[in-house]
Amino acid sequence: MDDAAFYTWIREIATPFGIRGGWNLYGSCDFDFRNTAVQSVHTSQGGLVQDAADDPVIGARVQLRKAVIVDVDPEGTLGTQIFCDEFALRTRDGLSVIGAPTRFYSRWIGRRNLQASGFTAFAAVWHAVLPSDLMTISGGDSDALNALRSASEEGDGLFVEFCTYFLSPQVPQSQLAQDFANDRPTPNPAYGRIVGTVGVWHQSEMETIPVGRRLNPAAQLQHDHTTYQLNPSVALVDPERKVVALDLIQTFPEVNESLAKVNLGGVIHYHSEAPNGPLALIHGGAEGEEVHTLGPIEYDQAAYERQSGLVDVPFSDEVGPLLENGRLVLIQDSAGAVVLAEQDLTVETDQRGVYLQENEEQSITLKVHEKGKTATNSTTVRLRQYVTTNRSFSLANAQSAIVEVPAEAELPAGGSLNLSMTALRPGTCILVFLPPDEPLNSRQFFTNIRVLPEDNYDHVTDDELNFQLIYQEVLRYYYFLYPAMNEEFDLSKELKVRLRAQQIQEVIAKSNWNKWSYMPRTRELSDGKRKLLERWCEKVLS
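Residues numbered from 1 in each chain as written. Predicted model: local features only at pLDDT ≥ 70, side-chain atom pairs only at ≥ 80, totals over all residues. Heavy atoms only, no water.

1. Details of the confidence of the model for the chain
Phase 1 of the analysis: Across the chain, the average pLDDT comes to 93, with 96% of residues at or above 70.
Phase 2 of the analysis: Across residues 274–287, confidence stays below pLDDT 50; counting only partners more than four residues off in sequence or on other chains, it has 27 contacts. (pLDDT = per-residue confidence, 0-100. Contact = heavy atoms within 4.5 Å.)

2. Here's the deal with the pattern of salt bridges
Where side chains of opposite charge bring their charged atoms close, a pairing between them can arise.
Phase 1 of the analysis: Using the criterion set out here, one finds 27 salt bridges in the structure.
Phase 2 of the analysis: Here the salt bridges do not stand alone but share partners, grouping R213, R327, E342, D344 and K371 into one network. (Salt bridge = Lys/Arg side-chain N within 4 Å of Asp/Glu carboxyl O.)

3. Some words on the nonpolar core
A general tendency of soluble globular proteins is for nonpolar side chains to be buried together.
Phase 1 of the analysis: Counting 31 residues, the largest nonpolar core has I470, L475, V497, I504, L533 and W536 as its most contacted members.
Phase 2 of the analysis: Mapped onto this core, the elements with two or more residues apiece are β5 (61–71), α5 (467–481), α8 (501–508) and α9 (527–541).
Phase 3 of the analysis: Look past the residues within four positions of L475 in its chain and what remains in contact with it is F467, I470, L491 and V497.
Phase 4 of the analysis: If you look at the next biggest cluster of nonpolar residues, it comprises 30 residues, including V57, M135, V160 and F162. (Core = buried A, V, L, I, M, F, W, Y, C linked by side-chain atoms within 4.5 Å. Buried < 20%, exposed > 50% of the residue type's maximum accessible area, 1.4 Å probe, protein only. Helix = DSSP H or I, 4+ residues; strand = E, 2+ residues; numbered from the N terminus.)

4. A short note on the packing of aromatic side chains
Phase 1 of the analysis: For the coordinates displayed, the defined rule picks out 22 aromatic pairs.
Phase 2 of the analysis: Following the ring pairs from residue to residue traces out a cluster consisting of F6, W9, F467, Y471, Y479, F480 and W536.
Phase 3 of the analysis: In this arrangement the basic side chain of R523 is found over the ring face of W513, its NZ or CZ atom lying 5.6 Å from the centre. (Phe/Tyr/Trp six-rings, centres within 6.5 Å; stacked < 30°, edge-to-face > 60°. Lys NZ or Arg CZ within 6 Å of the ring centre and 35° of its normal.)

5. Section: the side chain of E348
Phase 1 of the analysis: Of note, E348 is situated in strand β23 (residues 345–349).
Phase 2 of the analysis: When its relative accessible area of 3% is taken as the criterion, E348 is described as buried.
Phase 3 of the analysis: Side-chain polar atoms of E348 contact the side chain of R214, separated by 3.1 Å.
Phase 4 of the analysis: Filtering out sequence-adjacent residues up to four positions away, E348 remains in contact with R107, M206, I209, R214, T365, L366, K367 and F445. (Polar contact = N/O pair within 3.5 Å; in protein donor to acceptor, adjacent residues only side chain to side chain.)

6. As for the layout of surface pockets
Phase 1 of the analysis: The computed volume of the second largest pocket comes to approximately 550 Å³.
Phase 2 of the analysis: Along the wall of the second largest pocket there are 25 residues; nearest its centre are M485, E488, F489, M519 and P520.
Phase 3 of the analysis: Breaking the lining of the second largest pocket down by element, the ones donating at least two residues are α5, α6 (485–488) and α8.
Phase 4 of the analysis: When residues in the lining of the second largest pocket are grouped by element, the largest group, four residues, is from α8.
Phase 5 of the analysis: For the lining of the second largest pocket, the per-class residue count stands at 17 nonpolar, five polar and three charged. (1 Å grid on protein atoms, 1.4 Å probe; cavity = no way out; pocket = protein on both sides within 12 Å on 5 of 7 lines; lining within 4 Å. Points joined across faces, edges and corners; volume = space filled by probe spheres on them. Nonpolar A, V, L, I, M, F, W, Y, C, P; charged D, E, K, R; others polar.)

Now the structure itself:
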């Protein structure tokens, strides 16, 4: 297929996937918050505040400034990430929280809207931190912001967590195909809903996922002949306030475009204690087991949008001492069915999106938590690698593995280990972590990995280093697959590229990799091709 045929082919519909070049071929990868504002604040001293007359931070504008959203695997859905230069929360009177966040990764991707189709039916949770040395808080007369500043000074910064849901592209695929056939470069951004939270972060916690007692789905449910399950939740036991704080930001689905939540009737938060054996995930009085009701869960749409899914459930002095070793469950009151059940051990890494060059060695840090706390005993974690290159999904073997890793890792007491891996061949994969008793086919805990080819051009002489070579080996790929770049300048035109040689050097520099301005935004330029392009730019500039 020649270039002209490919140009047409990638803009056509391939049933049932849609436009071959994706739902937003002319997209820029930009990500931002629109019409997003502070709805409420909650402090241990002042409780819940929703009125700007009570605290001027209510109504403050919230933004992610200079942010891009890209996938580790360009054909996958499990490894989306957001690179962002600035998180900003501002009022018109100058109150603010401003900081440089770490990288956001998609977590807990799950079905959220039972009647929607495509990715509109799904949601994801994003979590990053604003380290203290990269953040400022101007509290003014806001009790909430001043309390947040004081608490963050005692900690190590702030976390930012949000959930994206009900996202929908604006232009139908048929209209896109027609526009493309008429040579109209139509962008197709997706718009949706966001709820989120800002709170205090400590270095003992993770950066990219909330740390707490994990509650996982435990039942298949029905709504209007549609089978579904709840999404995960995290619980934190706060003995000072005598509450179990639940993070339900992704837990309860919506039924349709009205965004009304599913109605399970009364959902009760229980604590189950079995002093003489494994903890049972049932509601009842089985021999050797006690079940304690902690209280009902408020999960309707109004409560969700008011508090971003955060719910406090008080507990009594009688139950308090039992919480540390017991197991938390959510039970549908009318049916007595356990809908969420606590999982004792979790294995996670903050390096959720790993890029390597072929033959490169790199390590990631695995962390084991038991009931939301650092594991005190050693833990054996099994590793399974699934190859995802070119939309495949298969268990890796010696011939197909993308990275070389051991079959298992022994994490010592303290629950942390640097796991080394070596890139074997170009491609993408996910590396799954299986704590003890985790089913072999589970993909609950994993990282996304992409290995870029070596692309060694050291044999190319300066005389051979011309624009035709640069276009064929580097720029042509982006010219066709990411045509939004051509809106800035045409990558196929030598003069326009030569005039921007210095700018190209700056944006492709490895020191720029974590910033919004890095190019290519997709982060798939290999070291070898970067070196070749830098050589050509240097030749032009000299």
